[in-house]
Amino acid sequence: MNWDDTAGTPAPERLVGASADREDQAVEAALRPKDLGEFIGQEKVREQLDLVLRAARARGATADHVLLSGAPGLGKTTLSMIIAAEMGAPIRITSGPAIQHAGDLAAILSSLQEGEVLFLDEIHRMSRPAEEMLYMAMEDFRVDVIVGKGPGATAIPLELPPFTLVGATTRAGLLPPPLRDRFGFTAHMEFYEPHELERVVHRSARLLDVEIEPDGAAEIAGRSRGTPRIANRLLRRVRDYAQVKADGVITREIAAAALAVYEVDARGLDRLDRAVLQALLKLFGGGPVGLSTLAVAVGEERETVEEVAEPFLVREGLLARTPRGRIATPAAWAHLGLTPPPSASGGATGGTTGGNGQQDLFGT
Ligand SMILES: Nc1ncnc2c1ncn2[C@@H]1O[C@H](COP(=O)(O)OP(=O)(O)OP(=O)(O)O)[C@@H](O)[C@H]1O
Ligand SMILES: [Mg+2]
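Residues numbered from 1 in each chain as written. Chains lettered and ligands numbered in written order. Predicted model: local features only at pLDDT ≥ 70, side-chain atom pairs only at ≥ 80, totals over all residues.

As named in an unreviewed UniProt entry, the chain is Holliday junction branch migration complex subunit RuvB, taken from Streptomyces incarnatus. For the chain, the Sequence similarities (unreviewed entry) comment in UniProt is given as "Belongs to the RuvB family." Quoted verbatim from the Catalytic activity (unreviewed entry) field of UniProt, the annotation for the chain is "ATP + H2O = ADP + phosphate + H(+)". (UniProt positions renumbered as here; feature names shortened; annotations may be inferred.)

Draft legend 1. Structural context of the overall build of the chain. Summing up its helical and strand segments, the chain has 14 helices and nine strands in all. Expressed along its principal axes, the backbone C-alpha trace of the chain runs to roughly 70 × 55 × 35 Å. Burial status across the chain gives 37% buried among its 364 residues. (Helix = DSSP H or I, 4+ residues; strand = E, 2+ residues; numbered from the N terminus. Buried ≥ 20, exposed ≤ 12 C-beta atoms within 10 Å, placed from the backbone.)

Draft legend 2. Highlighting the nonpolar core. Residues V66, L68, I83, L105, L118, M133 and V166 are the most contacted members of the largest nonpolar core, which totals 36 residues. If you list the elements that add at least two residues to this core, you get helix 2 (43-59), strand 1 (66-69), helix 3 (76-87), helix 4 (102-110), strand 3 (117-121), helix 5 (128-140) and strand 6 (164-169). Residues in contact with L68, not counting those within four places in the same chain, are K76, L79, S80, V166, G167, A168, A187 and M189. Counting 23 residues, the second-largest nonpolar core is a separate cluster that includes A217, I220, L235 and V264. (Core = buried A, V, L, I, M, F, W, Y, C linked by C-beta atoms within 7 Å. Contact = placed C-beta atoms within 7 Å.)

Draft legend 3. The arrangement of the site of ligand 1 in detail. Lining the immediate surroundings of ligand 1 are 22 residues, of which E28, G75, K76, T77 and T78 lie closest. Going through the elements one at a time, helix 1 (22-31), helix 3 and helix 9 (228-245) are the ones with two or more residues in the shell around ligand 1. Residue composition of the shell around ligand 1, grouped by class: nine nonpolar, nine polar and four charged. (Near = placed C-beta within 6 Å. Nonpolar A, V, L, I, M, F, W, Y, C, P; charged D, E, K, R; others polar.)

Draft legend 4. The arrangement of helix 11 (residues 271-283) in detail. With 13 residues, helix 11 should reach 18 Å at 1.5 Å per residue; the first-to-last C-alpha distance of 17 Å fits that figure. Taken together, the buried positions of helix 11 are occupied by L272, D273, A275, V276, L277, A279, L280 and L281. In this structure, the buried side of helix 11 is in contact with helix 12 (291-298), helix 13 (302-315), strand 8 (319-322), strand 9 (325-328) and helix 14 (330-335). (Expected span 1.5 Å × (residues − 1).)

Draft legend 5. Up close: the UniProt feature "binding site: DNA" (unreviewed entry) in the chain. When the UniProt feature table is mapped onto this chain numbering, "binding site: DNA" (unreviewed entry) sits at R302, R321 and R326. Annotated residues spanning 25 residues; largest pairwise C-alpha distance 14.0 Å, indicating a single compact cluster. Along the polypeptide, R321 turns up in strand 8. Those residues in contact with R321, other than ones at most four positions away along the chain, are V314 and R326.

Draft legend 6. Broad picture of the sheet that holds strand 6. Taking strand neighbours across the sheet as the criterion, the five strands line up as 2-3-6-1-7 in an open arrangement whose pairing is parallel. Looking at which strands have only one partner, the edges of the open sheet turn out to be strand 2 (91-95) and strand 7 (185-188). Going across the sheet, the axis of each strand differs from the next one's by a mean of 15 degrees, ignoring polarity. Running over the sheet, helix 3 touches strand 1, strand 2, strand 3 and strand 6 and is turned about 175 degrees from strand 3. (Pairing = 2+ DSSP bridges. Axes fitted to C-alpha atoms, helices over the stretch in contact; angles between N-to-C directions.)

Draft legend 7. The pairing of strand 1, seen in detail. Side-chain alternation along strand 1 places V66 and L68 on one buried face and L67 and S69 on a second face that is also buried. Across four bridges, the pairing between strand 1 and strand 6 is parallel. Within strand 6, the position partnered with S69 by the bridge is T169. Note that strand 1 and strand 7 share four bridges and pair parallel. Opposite V66, over in strand 7, you have F185 as the bridge partner.

Draft legend 8. Region of interest: the confidence of the model for the chain. Summing up the model confidence of the chain, the mean pLDDT is 90 and the portion of residues at 70 or higher is 91%. When the criterion is pLDDT under 50, residues 1-11 qualifies, and its contacts beyond four places in sequence or with other chains add up to eight contacts. Of the two predicted TM-score estimates for the complex, the pTM is 0.89 and the ipTM is 0.99. (pLDDT = per-residue confidence, 0-100.)

Draft legend 9. Representation of the UniProt feature "binding site: Mg(2+)" (unreviewed entry) in the chain within the structure. UniProt's entry tags T77 with the feature "binding site: Mg(2+)" (unreviewed entry), counted in the numbering of this structure. Tracing the backbone shows T77 in helix 3. The partly exposed category is assigned to T77, around which 19 C-beta atoms lie within 10 Å. With sequence-adjacent residues up to four places away left out, T77 is seen in contact with D121 and A168.

Draft legend 10. Main features of helix 13. Along its 14 residues, helix 13 runs 19 Å from first to last C-alpha, staying within 8% of the 20 Å computed at 1.5 Å per residue. Among the residues of helix 13, those classed as buried are V305, A309, E310, F312 and L313. Turning to helix 13, the residues buried within the fold contact helix 11, helix 12 and strand 8. Count one or two residues on from helix 13 and you reach G317, which has phi positive near 70 degrees.

Draft legend 11. Quick look at the packing of helix 4 against helix 5. At a closest axis distance of 8 Å, the pairing of helix 4 and helix 5 adopts a crossing angle of 30 degrees. Considering their axes alone, helix 4 and helix 5 lie roughly parallel with respect to each other. Where helix 4 abuts helix 5, its residues A102, D104, L105, A106 and L109 lie against P129, A130, M133, L134 and A137. Classifying every residue of the contact of helix 4 with helix 5 by side-chain character gives nine nonpolar, no polar and one charged. (Parallel < 35°, antiparallel > 145°, perpendicular 65-115°, else oblique.)

As structure tokens, this is what we get:
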């Protein structure tokens, strides 16, 4: 299949995509660690959160509001549930987009029990009026409910029981400072190290009753882009393969063969990622080349290349965005097993073409 075939139709969820697809949602509940001890990695966050929660418990108080920030699939929802469990408190789950009006939020807040955890996912997508109501609720455990309209409208103050707000966002930078400041504790979730993902894979394999060898887990972990959700998803696909093609046991060979079928390479790049790199290297000598040109070369939308493929390539140090265009790094040549031409700039010493050095055939 050529990438062009999918143009105009919604792209299927990528095997290495970080957001949850339908299948993930169905199985994730079963794989979620239930307490801090079971939560793998994120040492700093765990240690800090453990102190915050222990101290609150010792005081017999409600825990401070917590903001969880980090990329999709790193464990924000999981951690919010752990916070409630550790506090022995019930949890109410909602999200920014679900709260369109301040009244929606008032209804939720006024029905909270004392000590309850309110998990507000995608908190950066809340409406402005709701956000302002939340400021007061977080700080003073009080909301003003507006009754009536126009000049006759009155604000009726409503006391709230103390609660813990756990906000989650993939875009901490988008939160207005007054909101960010009202959290007592902010946890920045990092991408996981391969050895941590190996533990995630072993743990999930145990829960799914799948037999896996340490090398098999390492193979899956190395292709999971630092993200537990992807590790769990790859594990499921490898399990299928092991059952159909072998005796069900996941070895390194089985994991590698299975993921080759799904075109996820040793570093976690999929077909689109590799198509972008290949075009950059083979057609444009490693760049610099404009985004639009690169997108045309792989038969994709500009946005797809920029938002779907590039972030991981940049994070992996395979591609760099420069004012003159996209360039490949030496690691990119090595990853695709290609030798850079002697003139390849790699971004270090200017381009190989005239003008601004950018090979932009179609304009940007
Ligand atoms: N530290 C961890 N240890 C073990 N499993 C984890 C860990 N973090 C996440 N997971 C697993 O990864 C999956 C995704 O985690 P979770 O849903 O909490 O991510 P998220 O940060 O809320 O993602 P999103 O931004 O898409 O909402 C869960 O099934 C969970 O089991
Ligand atoms: Mg989540």
